[in-house]
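# Results of the structural survey
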Amino acid sequence: MKVLPATGTAAFLETISPYIPDDLINALFAHRSVRGRPRLFSPSQLFRVSLLPLLTPARSYNLVVTLLGEQRLLRSFARLRNRLAVPDVRMLHEFRNRMDLAKLRQLNVHLLRPL
């Protein structure tokens, strides 16, 4: 049995990244198209950033947003291409408010299917 790397390490984030179903997350949390500015970040990118307080020592969105600008590893995990273009705290809170229980259960069922 393979042992997982320690939580918060680069090896841990690299190990779990392939298991995050980006296409399913984009489909479940797709935002209705409205007039105005286009969305800067996909739902899967916002979901991955929302996971960072759980997977790293950074325990708040404020700290995660600060670290995203500094640490390439976190941007790589969240699939953010630009060091200067990172989601702000308001975007993360709005995305978290869009996560309802039914969608999270669908995501959980998908993740547990291989087991």
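Described below are features of the structure shown in this document. (Residues numbered from 1 in each chain as written. Predicted model: local features only at pLDDT ≥ 70, side-chain atom pairs only at ≥ 80, totals over all residues. Heavy atoms only, no water.)

### Quick word on the overall build of the chain
Our working definition: Going along the chain from the N terminus, every DSSP run of H or I of four or more residues is numbered as a helix, and every run of E of two or more is numbered as a strand. Only C-alpha atoms enter the radius of gyration; for comparison, a globular chain is expected to reach 2.2 Å times N to the power 0.38, where N is the number of residues.
From N to C terminus, the chain includes seven helices and zero strands. When the helices and strands of the chain are listed from N to C terminus, the series reads α-α-α-α-α-α-α. In terms of overall dimensions, the chain is globule-like: its C-alpha atoms have a radius of gyration of 14 Å, near the 13 Å expected for 115 residues. Taking the principal axes of the C-alpha coordinates as reference, the chain spans close to 50 × 35 × 20 Å.

### Some thoughts on the packing of helix α4 (residues 61-70) against helix α6 (residues 89-98)
Convention followed: In this analysis, axes come from line fits to C-alpha atoms, helices being fitted only over the stretch in contact, and the angle between any two N-to-C directions falls in the range 0 to 180 degrees. Put simply, angles under 35 degrees are roughly parallel, angles over 145 are roughly antiparallel, angles from 65 to 115 are roughly perpendicular, and the rest are oblique. Each crossing gets its hand from how the near helix is turned against the far one by less than a right angle, where anticlockwise is left-handed and clockwise is right-handed. By the convention used here, residues are in contact when the closest approach between their heavy atoms is within 4.5 Å.
Here α4 crosses α6 at 125 degrees, and the two axes come no closer than 9 Å. Put simply, α4 runs oblique to α6. In the crossing of α4 with α6, the sense of the turn from one axis to the other is right-handed. Here Y61, N62 and V65 of α4 lie close against α6, whose contacting residues are V89, L92, H93 and R96.

### What about the pattern of salt bridges?
Put simply, the rule is: For this analysis, a salt bridge means a side-chain nitrogen from Lys or Arg found within 4 Å of a carboxyl oxygen belonging to Asp or Glu. Using a 1.4 Å probe on the protein chains alone, a residue whose accessible area is under 20% of its type maximum counts as buried, one over 50% counts as exposed, and one in between counts as partly exposed.
Overall, the coordinates contain three salt bridges when judged by the stated rule. Across the pair R79 and D22 runs a salt bridge, and its minimum N-O distance is 2.3 Å. Placement of R79 in the loop between α5 (72-78) and α6 and of D22 in helix α2 (residues 22-28) is noted, with a sequence separation of 57 residues between them. Here E94 and R90 are joined by a salt bridge, their closest N and O atoms 3.0 Å apart. With E94 and R90 both in helix α6 and four residues apart, the pair spans about one turn of that helix. Given a relative accessible area of 43%, R90 falls into the partly exposed group. When salt bridges with common partners are traced through the structure, they connect D22, R48 and R79 into a single cluster.

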